[in-house]
Amino acid sequence: MDDSILRRRVYGADHDDPDPGPRPGRVYGELVGGPLDGLLLDVTGWSGSRLAEEARLPTEIGRYGAGGRAHYRRRAADPDRWDWTGDSR
C-alpha cells in the first residue's frame with residue numbers, strides 16, 4: 001500500500017496539496033466522529049482557554065452543507081482527541 005494513503009490528513013489542508021499530512025513541530029488533535037472523523041486539527045499555539053472551548057469548524061460535508069459547521073470538543077480524559085458534538089449553520 002502507498003505510504004501517502006496511510007498518512008493522516010490535516011483539517012483545512014488544500015485538496016491539491018501533495019502532502020496534506022502533519023508537519024514537524026506542530027501540535028494536533030484527532031477529530032473523532034461526525035463529518036470530519038479521522039482528520040487532524042492543528043492546535044499549535046492555542047491557549048489553555050481556547051483549547052477548552054468548542055471548535056466550530058466550517059465544512060461542506062456536514063448536516064447543513066455549504067456554510068455549515070461541525071462542532072468538536074476536546075476530550076477531558078484524552079486531550080489528544082476531539083469529540084464531535086453536532087453541526088450547525
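For the structure, check the block above.
So, here is what we can say about the structure in this document. (Residues numbered from 1 in each chain as written. Predicted model: local features only at pLDDT ≥ 70, side-chain atom pairs only at ≥ 80, totals over all residues. Heavy atoms only, no water.)

## Some words on the pattern of salt bridges
This model, assessed by the stated rule, comprises 8 salt bridges. One network of salt bridges, with partners in common, ties together R8, E30, D78 and R81. (Salt bridge = Lys/Arg side-chain N within 4 Å of Asp/Glu carboxyl O.)

## Some details on the environment of I61
Looking at the element boundaries, I61 is found in the loop between β3 (55-59) and β4 (68-74). Spatially, the C-alpha atoms of I61 and W46 are 25 Å apart, while their sequence positions differ by 15 residues. If we skip the residues at most four places from it in the chain, I61 touches P35 and L36. (Helix = DSSP H or I, 4+ residues; strand = E, 2+ residues; numbered from the N terminus. Contact = heavy atoms within 4.5 Å.)

## A look at the packing of aromatic side chains
Applying the stated criterion across every chain yields a total of 1 aromatic pair. Aromatic pair W46 and W82: ring centres 5.8 Å apart, planes at 90 degrees, arrangement edge-to-face. Here W46, found in the loop between β2 (40-42) and α2 (48-52), pairs with W82, found in strand β5 (residues 81-88); they are 36 residues apart in sequence, far enough to count as distant. Residue classification places W46 among the partly exposed positions, given a relative accessible area of 23%. Between R50 and the ring centre of W46, over which it is positioned, the NZ or CZ distance is 4.2 Å. (Phe/Tyr/Trp six-rings, centres within 6.5 Å; stacked < 30°, edge-to-face > 60°. Buried < 20%, exposed > 50% of the residue type's maximum accessible area, 1.4 Å probe, protein only. Lys NZ or Arg CZ within 6 Å of the ring centre and 35° of its normal.)

## Notes on the pairing of β4
By the bridge criterion, 5 bridges tie β3 to β4 in an arrangement that is antiparallel. When the sheet's bridge partners are listed, A55 is paired in β4 with Y72. Bridge count for β4 against β5 is 6 bridges, and the pairing is antiparallel. Across the sheet, the residue bridging to H71 is G86, located in β5. Two successive antiparallel strands, β4 and β5, enclose a turn made up of 6 residues. (Pairing = 2+ DSSP bridges.)

## Observations regarding the side chain of T59
Take T59: it is sitting in strand β3. The class for T59 is buried, based on a relative accessible area of 10%. Here I61 takes part through its backbone nitrogen, which lies 3.2 Å from a polar atom of the side chain of T59. If we skip the residues at most four places from it in the chain, T59 touches P35, L36, G65, G68, R69 and A70. (Polar contact = N/O pair within 3.5 Å; in protein donor to acceptor, adjacent residues only side chain to side chain.)

## A look at the layout of surface pockets
Its boundaries defined by the atoms lining it, the largest pocket holds a volume of some 250 Å³. Along the walls of the largest pocket sit R9, V10, Y11, G12, A13, H15, L36, L39, P58, T59, E60 and I61, which together make up its complete lining. (1 Å grid on protein atoms, 1.4 Å probe; cavity = no way out; pocket = protein on both sides within 12 Å on 5 of 7 lines; lining within 4 Å. Points joined across faces, edges and corners; volume = space filled by probe spheres on them.)

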